[in-house]
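The chain contents come next:
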Amino acid sequence: MRHTYISFILIFTIVFSTFTIDTKAQTNFGRKEYGPAFITSPTFLNGVHEVSYPYFESTKVIPNKIPIVGISQFMGYQFSPYFMLGLGVEFDYWTKPRNIFVPIYLDLRINMMSGDFSPHWYLNLGYGSRWSVDSKTVSAYGINSKTYVVHGAKSGIMLESGLGIKANISYSNALILTFTAKAQESALKYHDPATDSGGTQDKYFANTYAPNWYIFLGVKAGIVF
């Protein structure tokens with residue numbers, strides 16, 4: 001009788017342990033918690049605020065209405081359900097005026113919860129290299145403007161941050177959607193009126209740089225794999 005009782009306790013313990021381990025495995029099956037991670041993200045942004053330049057003894061401003069279409073690639077490591085760190089490269093096409101920046105940056109990502117749906121925050125810090133597509137001056141204020149400029153005329157520091165949601169769709173895949181803010185250090189190139197030679201075409205030849213930060217707001221979507 002005693003032998004049967006001990007055997008029953010032993011079998012019950014083994015079955016209970018197996019069930020517990022299986023339950024934990026099923027709970028964690030729905031999401032990858034660590035390992036190499038890659039994120040491909042299209043971006044749609046639009047310029048906000050303004051850029052400025054000195055004009056004789058005053059300062060003039062130009063509204064930043066530049067749209068950006070971009071795509072980025074994150075390559076890094078997921079250290080836990082909450083933390084990812086890696087490097088990223090992005091291709092930003094400024095559609096009007098036409099220009100290209102290619103930022104390379106450090107990318108920090110935080111999931112605020114460990115479930116299949118989580119608030120997601122990221123921060124990028126790097127350097128945006130300018131690849132000019134069209135360096136011709138454009139009208140600063142529309143038709144009949146006396147000021148012609150080149151936007152984004154230099155490379156510079158890039159800062160970007162976004163807040164949104166991450167949704168797991170399989171063990172190792174997830175979708176991310178964030179509202180994004182980007183700041184690109186660059187310069188506005190314009191013609192300094194003090195250098196006028198009297199020619200009617202002088203205004204079209206930009207010869208002076210005014211350092212500026214270009215600010216953009218928009219959305220960024222991504223797929224994790």
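Numbering of residues begins from 1 in every chain and follows the order in which that chain's sequence is written. With the structure being a predicted model, the display of local features is reserved for residues of pLDDT at least 70 and the display and counting of side-chain atom pairs for 80 or more, all residues being used for whole-chain, interface and lining totals. For the side-chain quantities, the full set of heavy atoms in the structure was used; hydrogens and water were omitted.

Caption draft 1: A look at the pairing of strand 10 (residues 156-168). When strand 7 (residues 117-131) meets strand 10, the two strands line up antiparallel, connected through 12 bridges. The residue bridging leucine 123 from the neighbouring strand is serine 161, located in strand 10. By definition, two strands form a pair when at least two bridges between them are found by DSSP. Think of it this way: any DSSP run of H or I at least four residues long counts as a helix, any run of E at least two long counts as a strand, and we number them from the N terminus. Pairing of strand 10 with strand 11 (residues 174-190) involves 11 bridges; the strand directions are antiparallel. Following the sheet pairing, glutamate 160 is matched in strand 11 by lysine 182. Linking two consecutive strands that pair antiparallel, namely strand 10 and strand 11, is a turn of five residues.

Caption draft 2: Up close: the nonpolar core. For this analysis, a nonpolar core means a set of buried residues of the types Ala, Val, Leu, Ile, Met, Phe, Trp, Tyr and Cys, connected via side-chain atoms within 4.5 Å. A simple rule labels every residue: compare its accessible area, found with a 1.4 Å probe on the protein chains alone, to the largest value its type can have, and call it buried under 20%, exposed over 50%, or partly exposed in between. Core analysis: the largest hydrophobic core is formed by 15 residues, its most contacted members being Tyr53, Ile62, Trp94, Val149, Leu188, Tyr214 and Phe216. Listing elements by their share of this core, those giving two or more residues are strand 2 (50-55), strand 11 and strand 12 (208-224). Ranked by residues supplied to this core, first place goes to strand 12 with three residues. Contacts between residues were defined by any pair of non-hydrogen atoms, one from each residue, lying within 4.5 Å. Not counting residues up to four positions away in its chain, the partners in contact with isoleucine 62 are Glu50, Val51, Tyr53, Ala140, Tyr141, Val149, His151 and Leu188. Counting seven residues, the second largest nonpolar core, distinct from the first, contains Ala37, Ile39, Met84 and Ala174.

Caption draft 3: Region of the structure containing unusual backbone geometry. Cis geometry is found at the peptide bond from lysine 96 to proline 97, where omega equals 5°. Mapping proline 97 onto the fold places it in the loop between strand 5 (83-95) and strand 6 (98-111). Despite not being glycine, histidine 49 has its phi angle at roughly 65°, a positive value. Here histidine 49 lies in the loop between strand 1 (35-48) and strand 2. A positive phi angle, near 55°, is found at phenylalanine 56, a position not held by glycine. With respect to the helices, strands and loops of the structure, phenylalanine 56 is situated in the loop between strand 2 and strand 3 (58-63).

Caption draft 4: Region of interest: the packing of aromatic side chains. Under the pairing criterion, centres of Phe, Tyr and Trp rings, with the six-membered ring standing for Trp, must be within 6.5 Å; the plane angle then separates stacked pairs below 30 degrees from edge-to-face pairs above 60, leaving the rest tilted. Summed over the entire model, instances satisfying the criterion amount to nine aromatic pairs. Their ring planes at 45° and their centres at 4.9 Å tell us that tyrosine 53 and tyrosine 190 sit as a pair that is tilted. Of this pair, tyrosine 53 sits in strand 2 while tyrosine 190 sits in strand 11; the two residues are 137 residues apart in sequence, bridging distant segments of the chain. Summarising the aromatic geometry, the rings of tryptophan 94 and tyrosine 214 are spaced 5.2 Å apart at their centres and angled 55° between planes, so their arrangement reads as tilted. Of this pair, tryptophan 94 sits in strand 5 while tyrosine 214 sits in strand 12, placing them 120 residues apart in sequence. Take tryptophan 94 and tyrosine 214: they sit in the same class, and that class is buried. Among the aromatic residues, those joined into a cluster by ring pairs are Trp94, Phe101, Tyr214 and Phe216. Just above the ring of tyrosine 55 sits the side chain of lysine 60; from NZ or CZ to the centre is 4.2 Å. Distance and angle both matter: a charge sits over a ring if NZ of Lys or CZ of Arg is within 6 Å of the ring centre and within 35 degrees of the ring normal.

Caption draft 5: Seen up close, the side chain of serine 186. Position of serine 186 relative to the elements: it lies in strand 11. With relative accessibility at 5%, the residue serine 186 sits in the buried group. Any pair of N or O atoms that falls within 3.5 Å is considered a polar contact. Within protein, one atom must be able to donate a hydrogen and the other to accept it, and sequence-neighbouring residues count only if both atoms are side-chain atoms. Here lysine 154 takes part through its backbone oxygen, which lies 2.6 Å from a polar atom of the side chain of serine 186. In contact with serine 186, other than residues within four places in its own chain, are Phe101, Gly152, Ala153, Lys154, Pro211, Asn212 and Tyr214.

Caption draft 6: A look at the pairing of strand 3. One ladder, built from six bridges, connects strand 2 with strand 3; its direction is antiparallel. Across the sheet, serine 52 pairs through a bridge with valine 61, a residue of strand 3. Adjacent in sequence and paired antiparallel, strand 2 and strand 3 are bridged by two residues, among which phenylalanine 56 carries a positive phi angle near 55°.

Caption draft 7: Region of interest: the environment of lysine 220. Within the secondary structure layout, lysine 220 lies in strand 12. Sequence-wise, lysine 220 and leucine 177 are 43 residues apart; in three dimensions their C-alpha atoms are separated by 5.9 Å. Looking at lysine 220, its side chain comes within polar contact range of the side chain of glutamate 160, at 2.9 Å.

Spatial relationships are all this shows, so hold off on functional conclusions.
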